[in-house]
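Reading the structure
Spelled out from the first residue to the last, the chains are:
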Amino acid sequence: MTQHPTTGFDLAETDRLLTTTKQVRQRLDLSRPVPYDELLECIELAVHAPMGVNLERNRWLIIDDPALKAAIAVRFAEVGRPYLAMNSEVRGDDRSQRVIASANFLVDHLAEVPALVLAMRLDRPPMNQSQGQVAAYYGSVLPGVWSFQLAARARGIGSAWTTFHLEHEAEIAELLGIPPTVTQVCLLAVGYFTGDTFAPAPRRPARDVTFLNTWKNPVG
Ligand SMILES: Cc1cc2nc3c(=O)[nH]c(=O)nc-3n(C[C@H](O)[C@H](O)[C@H](O)COP(=O)(O)O)c2cc1C
């Protein structure tokens, strides 16, 4: 155990959680339901994520009704299938092709995923406002989504962040009884994952993406 001397956190475990929380699609166990209390526990942790002015305007909707999931899956596929086909043509590298195959799997199986978790905000996004207001709007809800994914991962539950259905946001809102004043920001496909061999994805090292004091001074 690599315990931090002052915080007491096990850094190896913390870092493993942060680097191996992946978008899980093909390894979602479609045959095993996820109990509400497990999902509620993840939401309980997610609500601790930061939000502008500490306004608690985020809301969550758990969807496990087969008919509702099937209806969402139709809309999801209408957007996802052509988008992924187009990307598959222009992004030929192996890594992109693997992600596209995985995303296509989810398009094909969304209705069978044990639970869909919809993250929302109680108000509509700012229109014609400053970049700061737009950043604060989404920045107040998306950290919670990632916290949910981390909490879920630690409990053996995988999730995949998706946005395809948002092209049909109004229709899905009507289907789920969500008022028009509410904004959907992300639909998580959620299920227990099979195996536990998630490896960190290749990412550019911090030195290659960080600057010191001015843009002219890359750290790397
Ligand atoms: C804002 C955002 C939108 C995304 N939308 C989708 C989506 O609609 N469908 C999907 O399968 N994956 C979606 N993803 C997942 C990305 O494709 C994913 O981050 C990528 O596969 C890398 O996976 P990793 O996190 O496991 O490294 C989205 C991710 C983000 C952050």
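Residues numbered from 1 in each chain as written. Predicted model: local features only at pLDDT ≥ 70, side-chain atom pairs only at ≥ 80, totals over all residues. Heavy atoms only, no water.

This part is about the site of the ligand. K22, Q23, R25, V99, A103, W161, T162, T163, F164 and R203 make up every residue found near the ligand. Between the ligand and T163 there is a distance of 2.8 Å, counted from an oxygen atom to a backbone nitrogen or oxygen. Note that an oxygen atom of the ligand is positioned 3.2 Å from one of the side-chain N or O atoms of R203. Across the complex, the protein chains shield 69% of the 630 Å² of accessible surface that the ligand would expose by itself. If you list the elements that add at least two residues to the shell around the ligand, you get α4 (94-109) and β3 (157-162). (Near = heavy atom within 4 Å. Polar contact = N/O pair within 3.5 Å; in protein donor to acceptor, adjacent residues only side chain to side chain. Areas by Shrake-Rupley, 256 points an atom, 1.4 Å probe, with all protein chains shown as cover. Helix = DSSP H or I, 4+ residues; strand = E, 2+ residues; numbered from the N terminus.)

Further remarks concern the side chain of S159. One can find S159 in strand β3. The exposure class assigned to S159 is buried, which follows from its relative accessible area of 3%. At 3.0 Å, the side chain of S159 forms a polar contact with the side chain of Q149. Non-local contacts of S159, meaning those with residues more than four positions away in its chain, are made with K22, Q23, V24, L28, Q149, L188, A189 and V190. (Buried < 20%, exposed > 50% of the residue type's maximum accessible area, 1.4 Å probe, protein only. Contact = heavy atoms within 4.5 Å.)

This part covers the sheet that holds strand β1 (residues 58-63). Read across the sheet, four strands follow the order β1-β2-β4-β3 without closing on themselves; strand pairing throughout is antiparallel. Each of the sheet's edge strands pairs with one partner strand only, and the pair in question is β1 and β3. With direction set aside, neighbouring strand axes in the sheet form an average angle of 25 degrees. Here six bridges tie β3 to strand β4 (residues 183-192), and the two strands are oriented antiparallel to one another. Residue pairing across strands places S159 opposite V190, the latter belonging to β4. Each of β1, β2 (115-121), β3 and β4 is contacted by helix α3 (residues 66-90), which is oriented at about 110 degrees to β1, the strand it contacts most. Across the sheet, helix α7 (residues 169-176) is in contact with β1, β2 and β4; its angle to β4 comes to roughly 65 degrees. (Pairing = 2+ DSSP bridges. Axes fitted to C-alpha atoms, helices over the stretch in contact; angles between N-to-C directions.)

Let us look at helix α6 (residues 142-154). Here α6 contains 13 residues, and its C-alpha end-to-end distance of 19 Å stays within 8% of the 18 Å for a straight helix at 1.5 Å per residue. Within the sequence span of α6, burial applies to G144, V145, F148, Q149, L150, A151, A152 and R153. Those residues of α6 hidden inside the fold are in contact with α1 (11-20), α2 (36-46), β1, β2, β3 and β4. After α6 finishes, the residue G156 shows a positive phi value of roughly 85 degrees. (Expected span 1.5 Å × (residues − 1).)

Moving on, we come to the nonpolar core. If you look at the biggest cluster of nonpolar residues, it comprises 29 residues, and the most contacted ones within it are I72, L106, L110, L116 and A189. A total of six residues in this core trace back to one element, the largest contributor, which is α3. Setting aside residues up to four positions removed in sequence, A189 forms contacts with L28, L106, L110, V113, A115, L116, G158, S159 and A160. Grouped together as the second largest cluster of nonpolar side chains are 19 residues, V145, F148, L188 and V190 included. (Core = buried A, V, L, I, M, F, W, Y, C linked by side-chain atoms within 4.5 Å.)

On the surface, a cluster of positive charge is contributed by R91, R95, R98 and R203. Looking at the element boundaries, R91 is found in the loop between α3 and α4. (Patch = residues over 30% accessible without salt bridge, like charges linked within 9 Å, V, L, I, M, F, W, Y side chains within 5 Å. Salt bridge = Lys/Arg side-chain N within 4 Å of Asp/Glu carboxyl O. Lys, Arg positive; Asp, Glu negative; His and termini not counted. Charge placed at Lys NZ, Arg CZ, Asp CG, Glu CD.)

As enumerated under the stated definition, the model contains six aromatic pairs in all. Ring geometry for F211 and W215: centres 4.0 Å apart, planes at 15 degrees, overall stacked. With relative accessibility at 33%, the residue F211 sits in the partly exposed group. An aromatic cluster of at least three residues, connected via ring pairs, comprises F76, Y83 and F164. Above the ring of F198, the side-chain terminus of R27 is found at 4.1 Å from the ring centroid. Across from the ring centre of Y192, 3.6 Å away, lies the NZ or CZ of R32, which sits over that ring. (Phe/Tyr/Trp six-rings, centres within 6.5 Å; stacked < 30°, edge-to-face > 60°. Lys NZ or Arg CZ within 6 Å of the ring centre and 35° of its normal.)

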